[in-house]
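Read off the chains here:
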Amino acid sequence: TILVLDFGSQYTHLITRRMRELNIYCEMLPCTQKIADLDFKPKGVILSGGPYSVYEDGAPHADPAVFDLGVPIMGICYGLQEIAYRADNKNVIAGEKREYGHATLNVTKHSGKQEHVDRLFEGLEKDMEVWMSHGDKLGKLPEDFVVVAESGNSPYAGIAHQEKEIYGIQFHPEVTHTKKGTQLLKNFAVSICKAQQNWTMSAFIGKELERIRALVGDKGQVIGAVSGGVDSTVAAKLMKEAIGDRFHAVMVDNGVLRKNEAKEVKEILTKGLGINLTVIDASDRFLDLLKGVKDDPEKKRKIIGNTFIEIFQEKAKEIAEAAHGSDKAGDIEFLLQGTLYPDVIESISFKGPSATIKTHHNVGGLLEGMHLKLIEPLRELFKDEVRELGTQLGIPEDLVWRHPFPGPGLAIRIIGEVTREQVRIAQEADAIFMEEIKKAGLYRQMSQAYAALLPVKAVGVMGDKRVHAQVIALRAVQTTDFMTADVFPFETKFLSKISTRIVNEVDGVCRVLYEITSKPPGTIEME
Ligand code: XMP
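Fair warning: this is a prediction, and the values are worked out from it, not measured in the lab.

1. Considerations on the overall build of the chain
- Secondary structure assignment for the chain yields 15 helices and 18 strands.
- In terms of overall dimensions, the chain has C-alpha extents of about 90 × 60 × 40 Å along its principal axes.
- Burial status across the chain gives 53% buried among its 527 residues.
- Considering only intrachain contacts with a sequence separation of at least 6, the fraction spanning at least 24 residues in the chain is 77%.
- When the accessible surface of the chain is summed, it comes to about 24,200 Å², and 50% of that surface belongs to carbon and sulfur atoms.

2. A look at empty space enclosed by the protein
- According to the stated counting rule, one finds one cavity of 30 Å³ or more in the structure shown.
- Its boundaries defined by the atoms lining it, the largest cavity holds a volume of some 50 Å³.
- Looking at the largest cavity, the residues that line it are L80, H134, K137, L138, S154, P155, Y156 and Q170.
- The greatest single-element share of the lining of the largest cavity, amounting to three residues, is contributed by strand β6 (residues 127–138).
- Of the residues belonging to the lining of the largest cavity, the class tally is four nonpolar, three polar and one charged.

3. Considerations on the site of the ligand
- Neighbouring the ligand are the residues R301, P406, G407, P408, I412, Q448, F482, K519, T523, I524 and E525.
- Within the side chain of R301, a nitrogen or oxygen atom sits 2.6 Å from an oxygen atom of the ligand.
- Protein chains shield 69% of the accessible area of the ligand, which is 490 Å² for the free molecule.
- Taken together, the residues of the shell around the ligand sort by class into five nonpolar, three polar and three charged.

4. Quick look at unusual backbone geometry
- Residue K519 is joined to P520 through a cis peptide bond whose omega torsion reads -20°.
- One can find P520 in the segment after β18 (509–514).
- Of the consecutive residues P520 and P521, the connecting peptide bond is found in the cis state with omega at 5°.
- Non-glycine residue N260 carries a positive phi angle of around 65°.
- You can see N260 is positioned in the loop between β11 (247–253) and α7 (261–272).
- For F482, which is not a glycine, the phi torsion comes out positive at approximately 65°.

5. Thoughts on the nonpolar core
- Ranked by internal contacts, the top residues of the largest apolar core, which has 53 residues, are I223, F433, I437, I472, L474, F490 and I502.
- With eight residues, helix α14 (residues 420–439) is the single largest residue contributor to this core.
- Beyond its immediate stretch of four places on either side in the chain, I502 contacts A429, I432, I472, L474, V509 and V512.
- Core analysis: the next-biggest nonpolar cluster, separate from the first, contains 41 residues, M19, C26, L105 and I169 among them.

Each value, and the rule that gives it
- Residues numbered from 1 in each chain as written.
- Predicted model: local features only at pLDDT ≥ 70, side-chain atom pairs only at ≥ 80, totals over all residues.
- Heavy atoms only, no water.
- Helix = DSSP H or I, 4+ residues; strand = E, 2+ residues; numbered from the N terminus.
- Buried < 20%, exposed > 50% of the residue type's maximum accessible area, 1.4 Å probe, protein only.
- Contact = heavy atoms within 4.5 Å.
- Areas by Shrake-Rupley, 256 points an atom, 1.4 Å probe, with all protein chains shown as cover.
- 1 Å grid on protein atoms, 1.4 Å probe; cavity = no way out; pocket = protein on both sides within 12 Å on 5 of 7 lines; lining within 4 Å.
- Points joined across faces, edges and corners; volume = space filled by probe spheres on them.
- Nonpolar A, V, L, I, M, F, W, Y, C, P; charged D, E, K, R; others polar.
- Near = heavy atom within 4 Å.
- Polar contact = N/O pair within 3.5 Å; in protein donor to acceptor, adjacent residues only side chain to side chain.
- Core = buried A, V, L, I, M, F, W, Y, C linked by side-chain atoms within 4.5 Å.

This is how it looks when you write it as C-alpha cells:
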C-alpha cells in the first residue's frame, strides 16, 4: 500500500487515481492521520499539495512519526514545503509571485547519492514539461538535501535527501499537464517503494467478499435500496455473492420512474442476477402526496425523499420481523449503501484545521431511527471501476452503462403538477426518445437524456382537425462531472424523426422542442 496524506489540494485524489491505473493499491487519508493508528504499514508515503502556507499559524502538519517509518517519502508542492519546514522552519518563504501553469523542468547534476535520485527520474526526459501551481517556495535548501531539478522560476523544483529516499517536487506529477507524470509516480511507487502492481478487479472482488463475510458474520443480515442504477445494482450483486439471500434488496416504485422501469429492473435483478428483491409499488401513495404541488420544485423533492424513507423503513421492519427467530439468520444489522470513492473523498478530504466529516447525502435520513450500521463495498472505487466490477460480476452491459436517473425521477422533468396523466405522457415520450437514441448507437455518447413535459398547450393540426395539446421538450447533455454540461449535438434529421414519432404516438402532445441550454446557466434537470 502507498499511503497518500491529503493536505487539501484539489488534485490529491488524482494521485490515488494514477496509482490505481498502475494497479498499485493506495489509500488516501487526511494529513492529520496518526501513524500509530494505521492498521497497515505503508511501503511509501506521498505528502500531497495543499492550499495553505506551512509557516502560517494553524497550517496543517503531518504526524512527525511519518519520518520515522523508515519508508520512502515524496512530498508534492505543499508536501515538499512540509519536508523542508520540518528540517528548519526558515526554509520556506512566500514567493514573489504565484507560479501557475506549464514549466520546463531540468533534471540537474547533484552531489547526493546518485542511484536513488536516478531511479526517480528513470525513463524521463532531461527537460520535461511539468505543471506548476504554487505561491510559496523554498528560500533555502534543507540540511542534507541536494537540488535534483530546477525550472525557470523554481531553483528548487526537485530536491532529494543525500542518503535517504526522501524526495520533494514542486510540480504536480498527478495532473495530465505534466507529461510523463505517471511515469514519475510509478518510479517512486514501484522502483523506489517496491510496491506491487497487483491491484486488479478480480483481486478486489476476492478481498471484498471476504471482508463483507467477516463483517456480517454467519447469520447477520443486510438490507439495501436498489434503483436499477449501476451503483446500487453492483453493490447488491456483490452482497448476493457474499451472503446470498441474507441480503435483502428493496426497490420502491414511486410512480415517477421511467416507463416499465420497475418491471424491467425486477426481471434483471431477480431472474438475471438472483438477488433477493422486494419491489414495493407505492405509486399511489407518492402520486397522492404530489397532488396540487406545482410551484415549488424543492417541495416535490422533499415529498419524494421523505416518503421513500418512510416506506423503506416500514419494509425493513417487516423483513426484520419475518427474518427474526429463524435459525438460519439473525437480525438485520446493516444497511447497504452504494457510496463511491468520489463521495468518500468529498467527506474525508482535509478541509482546513477544523476538518469536519460530512455524511453522505442520501444516508443521513435513512439511518436516523434505524439502528443499522453502514456497509459500503464500493467506497474505494471510481465510477469506471464500478462499471468494470459490474461487468466482471456478470451484470448486463446495458445496465452497467446506464445513465444516472435522479431520485425524484420524472417529477422534476414534469414542470408543474405531477398527475397520473402527466406521468403517462412524459413516460411515453421519454420511451420513444430513449429507444431511438439506443437504436442510433448514440446512448454512450451522451451522459443523460430524457423527455420533459411542459405545462403549456399549443395549437396543431392533425389529420384535418385542429388540436390543442401539450409540448414536450427533449434534453440530452454531455458532461464528465455533472457540474457543467454541454448540449448534445443531434442532427436535425434525427430530431425530426423523434418529433414525428412522439406527436403521432403519444396522445396529448402536438409539439416537440429541443432544449438547447448548457449548464450553467441551465441545470441538467428541468426543476
Ligand atoms: P442538475 O439538474 O442539478 O443535475 O444539473 C445534476 C445531476 O444530479 C442529478 N439530480 C438529482 N439526483 N436527486 C438525485 O438523486 C435529486 O434531487 C437530483 N437533482 C438532480 C441529475 O439527474 C444530474 O445527474
